[in-house]
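Letter by letter, the chains look like this.
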Amino acid sequence: YLTIGNLYAQIGDNNNALAHYNNGLAILSLLDIDKSIFNFHLLMGRVYAYLSGNDIQSALTDMKSLESISDYEKNENNDAYPAALVDLLYARVGLQNHDYERATKHAESAFQSLLAQYSPTDEEKFISLTDCVTTLIMLSRYEVLIPLLQEAIEHTKDNRGHKGVLLSCLAECNGDIS
């Protein structure tokens, strides 16, 4: 259900995306595994679909469930990645609501959390890190972003591709591509 829901969301068909996310969540509920990482990803998809449809209240309701699952993952499995994704979602909500201070705070928090978890071989976390960069660029928060990028460049020295992406973002922020 997650993959099909994501595909519907990518083509802008939020109704079918939501139907698939809801079906997946219903099955997990029947199996009594409401705190699973599978539930987390279905809820994430649903939140993005809600945000795409400008249904902020429904998104915020699901985000409370995401926070609960991310707390569980952090405490039980020592996995802080879901919490960083929730922070990134709150940044998106802030951006959508024109609450730019909140968006900045959450994007910065997500960036720092993802950087602390950084591994040269973890593409998924690096992509999430670049989502934080994109959010801060959209907010024109270069005074926050530039020091974060400088720190991240040092952390990514063992992966030239990641370092190159971050150097490119830093150049864009500075207006100096050289």
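Our structure's up above, just so we're on the same page.
Residues numbered from 1 in each chain as written. Predicted model: local features only at pLDDT ≥ 70, side-chain atom pairs only at ≥ 80, totals over all residues. Heavy atoms only, no water.

Q: In this structure, what is going on with the packing of helix α7 (residues 123–138) against helix α8 (residues 142–155)? I would like to understand it.
A: In helix packing, the relevant descriptors are the interaxial angle and the interaxial distance, both defined with respect to the helix axes. Between α7 and α8, the least distance of the axes is 9 Å, while the angle of their chain directions is 150 degrees. The pairing of α7 with α8 is recorded here as roughly antiparallel in orientation. For the pair α7 and α8, the sense of crossing is left-handed. Here V133, L136 and I137 of α7 lie close against α8, whose contacting residues are Y142, V144, L145, L148 and L149. A class-by-class count of the residues in the contact of α7 with α8 yields 8 nonpolar, no polar and no charged. (Axes fitted to C-alpha atoms, helices over the stretch in contact; angles between N-to-C directions. Helix = DSSP H or I, 4+ residues; strand = E, 2+ residues; numbered from the N terminus. Parallel < 35°, antiparallel > 145°, perpendicular 65-115°, else oblique. Left-handed = near helix turned anticlockwise from the far one by under 90°. Contact = heavy atoms within 4.5 Å. Nonpolar A, V, L, I, M, F, W, Y, C, P; charged D, E, K, R; others polar.)

Q: Hey, could you run me through unusual backbone geometry in this one?
A: In terms of backbone geometry, most residues other than glycine have negative phi values and most peptide bonds are trans. In the Ramachandran plot, N54 falls in the positive-phi region, its phi being about 60 degrees despite a non-glycine side chain. Counting through the fold element by element, N54 comes out in the loop between α3 (37–52) and α4 (56–77). Of note in this structure, S140 is not a glycine but carries a positive phi near 55 degrees.

Q: Explain the pattern of salt bridges to me, please; I cannot follow it from the model alone.
A: Oppositely charged side chains can form a pair if their charged atoms are brought close together. In the structure shown here, the tally under the stated rule is 5 salt bridges. D62 serves as the salt-bridge partner of R46, at 2.6 Å between the closest nitrogen and oxygen. Linking R46 in helix α3 with D62 in helix α4, this pair joins segments that are 16 residues apart in sequence. With a relative accessible area of 15%, R46 lands in the buried category. Using a relative accessible area of 6% as the deciding quantity, one classes D62 as buried. When the shortest N-O distance is used, the salt bridge between K125 and D122 registers 3.6 Å. The buried category is assigned to K125, whose relative accessible area is 17%. (Salt bridge = Lys/Arg side-chain N within 4 Å of Asp/Glu carboxyl O. Buried < 20%, exposed > 50% of the residue type's maximum accessible area, 1.4 Å probe, protein only.)

Q: Before we go on, may I ask you to explain the layout of surface pockets in this structure?
A: Over the atoms rolls a probe the size of a water molecule, and its path tells where empty space is left. What the largest pocket holds in volume is close to 500 Å³. Lining the largest pocket are 19 residues; nearest its centre among them are N6, H41, M44, G45 and Y48. Contributing elements (two or more residues each) for the lining of the largest pocket: α1 (2–10), α2 (14–30), α3, α5 (81–96) and α7. Per element, the largest residue contribution to the lining of the largest pocket is 6 residues, and it comes from α3. Taken together, the residues of the lining of the largest pocket break down into 10 nonpolar, 7 polar and 2 charged. (1 Å grid on protein atoms, 1.4 Å probe; cavity = no way out; pocket = protein on both sides within 12 Å on 5 of 7 lines; lining within 4 Å. Points joined across faces, edges and corners; volume = space filled by probe spheres on them.)

Any functional reading would require information that these geometric values do not contain.
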